[in-house]
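What the coordinates show
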Amino acid sequence: MKWNGGIKNEFLAETASDPVIRENFDGEEKKDVLVGVGNTGCSVYVRAAVVVTWMNADGEVFSQSPVAGTDYAIEWNLSDSGWSRGDDGFYYYAAPVESGGETAVLIRNCAPLTEAPKEGYALNVKIAAQTIQAAGTTDGGEIPAVTDAWGG
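Summarised in this report is the structure supplied together with it.

Parameters and conventions
Residues numbered from 1 in each chain as written. Predicted model: local features only at pLDDT ≥ 70, side-chain atom pairs only at ≥ 80, totals over all residues. Heavy atoms only, no water. Pairing = 2+ DSSP bridges. Helix = DSSP H or I, 4+ residues; strand = E, 2+ residues; numbered from the N terminus. Axes fitted to C-alpha atoms, helices over the stretch in contact; angles between N-to-C directions. Phe/Tyr/Trp six-rings, centres within 6.5 Å; stacked < 30°, edge-to-face > 60°. Lys NZ or Arg CZ within 6 Å of the ring centre and 35° of its normal. Buried < 20%, exposed > 50% of the residue type's maximum accessible area, 1.4 Å probe, protein only. Core = buried A, V, L, I, M, F, W, Y, C linked by side-chain atoms within 4.5 Å. Contact = heavy atoms within 4.5 Å.

What the four strands build is an open sheet, ordered β5-β6-β3-β8; its pairing is antiparallel. Every other strand in the sheet has two partners, leaving β5 (83-85) and β8 (121-133) as the edge strands with one partner each. For this sheet, the mean inter-axis angle between neighbouring strands, taken without regard to orientation, is 25°. Examined bridge by bridge, strand β3 (residues 44-56) and β8 share 13 bridges and lie antiparallel to one another. Counted as the bridge partner of T53 is N124 from β8.

Written out as structure tokens, the structure reads:
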């Protein structure tokens, strides 16, 4: 007997969709910044990096970084929210977030206190979030996947 056909692999691994930053922004001040998780099919852990710069309309970043408390005011929501700041500069959300869910608010508000050091520039606050599946371990089965990927 001879087999002429192949079998197509229909199995797809679970993937986490890109997180979505949700915020209220009135053109001057950001409020109630949190991270939403897409329909991933599984719960995920979330971490976020917050980068504050002076930026112009063309996306060029000014070489001098704004200083918190001098150039801008930022009110974090770290106590009792589930968010904490890691030694690596990332903000980590302690609890897994269910598929289609969202974290608690990370930044209550952020607003400029001074004018930019150069004409044409404005305060820019970027939040970059990452997700990783909450369930699972490394190949050896001893270390949670999140710990293996992000440390801890």
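From this point, the narrative continues.
Time to look at the environment of A116. Summarising the element assignment, A116 is placed in the loop between β7 (107-112) and β8. A sequence separation of 45 residues divides A116 from D71, and the C-alpha atoms of the two residues are 8.1 Å apart.

The antiparallel open sheet is built from four strands, whose spatial order is β1-β2-β7-β4. Only two strands of the sheet have a single partner each, and these edge strands are β1 (20-25) and β4 (72-76). On average, each strand axis in the sheet is tilted by 20° relative to the strand beside it, whichever way the strands run. The sheet contact formed by strand β2 (residues 30-36) and β7 spans three bridges and is antiparallel. Each bridged residue has a counterpart across the sheet, and for V33 the counterpart in β7 is I107.

What the rule picks out here adds up to five aromatic pairs. Taken together, the ring pairs connect F90, Y92 and W150 into an aromatic cluster. Above the face of the F25 ring, K30 is positioned so that its terminal group lies 5.5 Å from the ring centre. The aromatic ring of F90 is capped on one face by R47, whose charged end is 3.9 Å from the ring centroid.

Take unusual backbone geometry next. For residues other than glycine, phi is negative in most cases, and the peptide bonds are mostly trans. With a phi close to 50°, D32 is a non-glycine residue in the positive phi region. We classify D32 as partly exposed; its relative accessible area is 36%. The phi torsion at D80 lies on the positive side, around 65°, for a residue other than glycine. Of note, D80 is situated in the loop between β4 and β5. The class for D80 is exposed, based on a relative accessible area of 83%.

In terms of nonpolar packing, the biggest core is built from 18 residues, with V46, A48, W83, L106, I107 and I127 touching the most fellow members. The set of elements that each furnish at least two residues to this core consists of β2, β3, β6 (91-97), β7 and β8. In terms of residue count, β3 provides more of this core than any other element does, four residues in total. The contact partners of W83, leaving out residues within four places of it in the chain, are V35, V46, A48, N77, L78, Y91, Y92, Y93, T103, A104, V105 and L106.

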